[in-house]
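# Descriptive analysis of the structure
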Amino acid sequence: MKKGTILSGMRPTGKLHLGNYLTLRNWVKLQEVYSCNFPIVDWHALTTGYEHTDELPVLIREMALDWLAAGVDPKKSTVFVQSQVKQHAELHLILSMVTPLGWLERCPTYKEQLRQMSDREIQTYGFLGYPVLMASDILLYMADTVPVGQDQLPHLELAREMARRFNFLYGDTLVEPDALLNNVPLLPGTDGRKMSKSYGNYIALSDEPDTVAKSISQMVTDPARIRKTDPGHPDICTVYAYYSAFFPEMVGQVRSECEGAQIGCVACKKRLAASMLEMLAPIHERRVKLASDPSVVDEILAEGSARAREKAEATMKKVRAAMHLA
Ligand code: TRP
Ligand code: SF4
C-alpha cells in the first residue's frame, strides 16, 4: 500500500533543462513510495501564452519524452495531459464560484507576474484564476501531498483554503493537501545568472553530448582565479554548483583541490563534463528510443489520461452530489 497520493505538474515549455531535471529526479523517487499523478498542464500554459498555441502539441510531446526518459514510469504513476481530462475545467468552474476575488488579487505570484510580464496582455480572467486551476488539479485527485518549490507555496495555500471553504459550505468532500517542499538545489545558469530559457544559459536534458561538454567548458568560474596557482573559491563558482547538485560525493575533493590550487578550472570542468555525460547517457538512450516511434508516447499519454479521467470523475461525482448538482 502506498503512503499517500501525490499530484504535481509542469507547464509544457518543451525540452527540460538540468534545473528541471532535479525536480524530475525527485518525482522518480517519490513514485516508489506514493501513488503519483503527473499532469502536463497545458491549460495553465494558456494563462500567459494564449496567443500562440500552434506549438503546444510539440511542447507537450517533448516534455513527455523528457519525463519518461528521466525515469517517470507510466506503470507506477499516472502521467497525463490536463486538457484531456475535462473534469479539471468543471472543478475549476465550481471552485471559481466559492473563491473570493481578494484571495486571488492578493496572491503574491499574481502581483509579481503582472509586473514582470508587462509586455504581455495578461490582465485576463484566466490568468487571475491560475491558482483556481491549480487547486482543481490537486483537489480532483484527492492528493494529500504536493511536491513543489518555494515559489509555488502561495498557490498551495490557496488550494488548501479552497478545499476548506468547499468543505465548510457543502460538507466534508475534498482533501486539504500538504506541501512537500522539495529540497531541490537552485541550479544557476551556465553564465552564473538565474537559469532561464530567455537567457539561453541552460543545458537541456536532451542536449547532445558535444553540446553538454561545450556548455560546461564555457561555464563561468571564480572570476578572481586567473592562474592555476591562485586558490579558488568554489562557493562562488558555477561549476561547483553543478558538482554539488549532481555529484555530492565529489564535492569534498573538488573543494580541496580548488582551494588548494591543485587543479585548474579547465581540468575541473572536463571532469564535471565526463561525469555529467555518464549520468545523461542512459537518459539519452531512452529518449532516442521513445522518440523513434511517436505512437508510443501518444499511447502512454492517452492511457494515462484515461486513468486520470476515472479518478477525476469519481471525485466529481462526490462534488456534484455534495452540491445537489446532477
Ligand atoms: N504552477 C506550477 C508551476 O508553475 C505548475 C502546476 C500546475 C502545478 N498545477 C499544479 C504544480 C499542481 C503542482 C500541483 O510550477
Ligand atoms: Fe570552479 Fe573548479 Fe575552477 Fe574551482 S577549480 S573555480 S570549483 S571550476
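Residues numbered from 1 in each chain as written. Chains lettered and ligands numbered in written order. Predicted model: local features only at pLDDT ≥ 70, side-chain atom pairs only at ≥ 80, totals over all residues. Heavy atoms only, no water.

### Structural notes on the site of ligand 2
Neighbouring ligand 2 are Thr221, Asp222, Arg225, Cys237, Val239, Val254, Cys258, Cys265 and Cys268. Elements represented by at least two residues in the shell around ligand 2 include exactly helix 12 (251–259) and helix 13 (265–292). Its residues assigned to classes, the shell around ligand 2 comprises six nonpolar, one polar and two charged. (Near = heavy atom within 4 Å. Helix = DSSP H or I, 4+ residues; strand = E, 2+ residues; numbered from the N terminus. Nonpolar A, V, L, I, M, F, W, Y, C, P; charged D, E, K, R; others polar.)

### Things to note about the environment of Gly14
In this structure, Gly14 sits in the loop between strand 1 (5–7) and helix 1 (18–30). Between the alpha carbons of Gly14 and Leu56 there is a distance of 8.5 Å; along the sequence they are 42 residues apart.

### What about the side chain of Asp222?
You can see Asp222 is positioned in the loop between helix 10 (209–217) and helix 11 (238–246). Engagement of the side chain of Asp222 in a polar contact is seen with the side chain of His233, the distance being 2.8 Å. Those residues in contact with Asp222 that lie beyond four places of it in its chain are Pro231, Gly232, His233, Ile236 and Cys237. (Polar contact = N/O pair within 3.5 Å; in protein donor to acceptor, adjacent residues only side chain to side chain. Contact = heavy atoms within 4.5 Å.)

### Some points on the site of ligand 1
Inspection of the region around ligand 1 gives 13 residues, with Arg11, Tyr130, Met134, Asp137 and Gln152 positioned closest. Here a nitrogen atom of ligand 1 and a side-chain polar atom of Tyr130 are 2.6 Å apart. A total of 370 Å² of accessible area belongs to ligand 1 in isolation, and the protein chains cover 91% of it. Mapped by element, the contributors of at least two residues to the shell around ligand 1 are helix 8 (130–140) and strand 4 (145–148). Among the elements that line the shell around ligand 1, the one with the most residues is helix 8, at four residues. (Areas by Shrake-Rupley, 256 points an atom, 1.4 Å probe, with all protein chains shown as cover.)

### Comments concerning the packing of helix 1 against helix 11
Each pair of packed helices gets described by two things: the angle between the helix axes and the distance between those axes. One can describe the packing of helix 1 onto helix 11 by two numbers: an axis separation of 11 Å at closest approach and a directional angle of 15 degrees. Here helix 1 lies roughly parallel to helix 11, going by the angle between them. Helix 1 and helix 11 meet at a crossing whose hand is left-handed. On the side of helix 1, the interface is formed by Leu18, Tyr21, Leu22 and Arg25, while helix 11 contributes Tyr242, Ala245 and Phe246. Across the contact of helix 1 with helix 11, the residue classes tally to six nonpolar, no polar and one charged. (Axes fitted to C-alpha atoms, helices over the stretch in contact; angles between N-to-C directions. Parallel < 35°, antiparallel > 145°, perpendicular 65-115°, else oblique. Left-handed = near helix turned anticlockwise from the far one by under 90°.)

### Structural notes on the domain arrangement of the protein
If you check the domain split of the protein, you get domain 1 (5–187 + 294–323) and domain 2 (209–288). On a C-alpha basis, the centroid separation for the pair domain 1 and domain 2 is 34 Å. Counting residues at the interface gives 14 residues for domain 1, matched by ten residues for domain 2. Interface area for domain 1 against domain 2, summed over the two sides, is near 1000 Å², with a carbon-plus-sulfur share of 66%. When the area that domain 1 buries against domain 2 is broken down by residue, the three leading residues are Leu18, Ala69 and Leu187, summing to 49%. Taken together, the connections running from domain 1 to domain 2 amount to two salt bridges. Arg287 is the partner of Asp66 in a salt bridge, and the nearest nitrogen-oxygen pair spans 2.7 Å. (Domains from an automatic or database assignment. Buried area = accessible area lost by both parts, 1.4 Å probe. Salt bridge = Lys/Arg side-chain N within 4 Å of Asp/Glu carboxyl O.)

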